[in-house]
Amino acid sequence: QVQLVESGGGLVQHGGSLRLSCAASGRTFSSYAMGWFRQAPGKEREFVARISGSGIRTTYADSVKGRFTISRDNAKNTVFLQMNSLKPEDTAVYYCAADGSPIVWTAPSRYDYWGQGTQVTVSS
């Protein structure tokens, strides 16, 4: 069982930056790949980024590539999402999720555990 708690969301202006954190419980954090997803009102939950358990391999959605960076600190059971050059279309609830599979999944249904989400709002 893994419990996830996101933090760091808020209101930021177009072009600004935010850093999201996701703290995980449990002793096997490094055995899980971690993903960030987002869901805007009226839209489906979409993949943002993923990082392997070791932190070596990262995958990004095209819409955030070059602007967002996913990282993790396995000693602190935490995964981060650094978001730069934010746009109004980045406005959404952001969720972190854990996946016990080594396959690079981007579909939300493939992830085993989810946090409660944190709101990110980018004003124009």
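For the structure itself, consult the block above.
An account of the accompanying structure is given in this report. If you're wondering where the values come from, they're calculated on a predicted model, not measured in any experiment. (Residues numbered from 1 in each chain as written. Predicted model: local features only at pLDDT ≥ 70, side-chain atom pairs only at ≥ 80, totals over all residues. Heavy atoms only, no water.)

### Some thoughts on the packing of aromatic side chains
Then, number 1: All told, the structure shown has six aromatic pairs when counted by the stated rule.
Then, number 2: Look at F37 and W114: their rings are 5.0 Å apart centre to centre, the planes differ by 55°, and that puts the pair in the tilted class. Placement of F37 in strand β4 (residues 33–39) and of W114 in strand β10 (residues 113–114) is noted, with a sequence separation of 77 residues between them.
Then, number 3: For F37, a relative accessible area of 0% corresponds to the buried category.
Then, number 4: Overall, the relative accessible area of 26% leaves W114 in the partly exposed class.
Then, number 5: Among the aromatic side chains, those forming a connected cluster through ring pairs are F37, F47, Y95, Y111 and W114.
Then, number 6: Lying over the aromatic face of Y95, R45 brings its terminal NZ or CZ to 3.8 Å of the ring centre. (Phe/Tyr/Trp six-rings, centres within 6.5 Å; stacked < 30°, edge-to-face > 60°. Helix = DSSP H or I, 4+ residues; strand = E, 2+ residues; numbered from the N terminus. Buried < 20%, exposed > 50% of the residue type's maximum accessible area, 1.4 Å probe, protein only. Lys NZ or Arg CZ within 6 Å of the ring centre and 35° of its normal.)

### A word on the state of the cysteines
Then, number 1: All told, the structure shown has one disulfide when counted by the stated rule.
Then, number 2: Disulfide pairing places C22 opposite C96 at an S-S distance of 1.9 Å. Looking along the S-S bond of the C22-C96 disulfide, the torsion reads about 50°, which is the right-handed sense. Within this pair, whereas C22 is found in strand β3 (residues 18–24), its partner C96 is found in strand β9 (residues 92–99), the two being separated by 74 residues in sequence. Neither C22 nor C96 differs from the other in exposure class; each is buried. (Disulfide = S-S within 2.5 Å.)

### Quick word on unusual backbone geometry
Then, number 1: Positive phi outside glycine occurs at N77, with the angle close to 50°.
Then, number 2: If you trace the backbone, N77 turns up in the loop between β7 (68–73) and β8 (78–83).
Then, number 3: Overall, N77 belongs to the buried group, its relative accessible area being 17%.
Then, number 4: Its identity as a non-glycine residue notwithstanding, S85 has a phi of 50°, on the positive side.
Then, number 5: Its location among the elements puts S85 in the loop between β8 and β9.
Then, number 6: By relative accessible area, S85 is classed as partly exposed at 42%.

### Quick notes on the pattern of salt bridges
Then, number 1: In this structure the tally under the stated criterion is five salt bridges.
Then, number 2: A salt bridge links R50 to D99; the nearest nitrogen and oxygen atoms lie 2.8 Å apart. Of the two residues, R50 is situated in strand β5 (residues 46–51) and D99 in strand β9; the sequence distance between them amounts to 49 residues. (Salt bridge = Lys/Arg side-chain N within 4 Å of Asp/Glu carboxyl O.)

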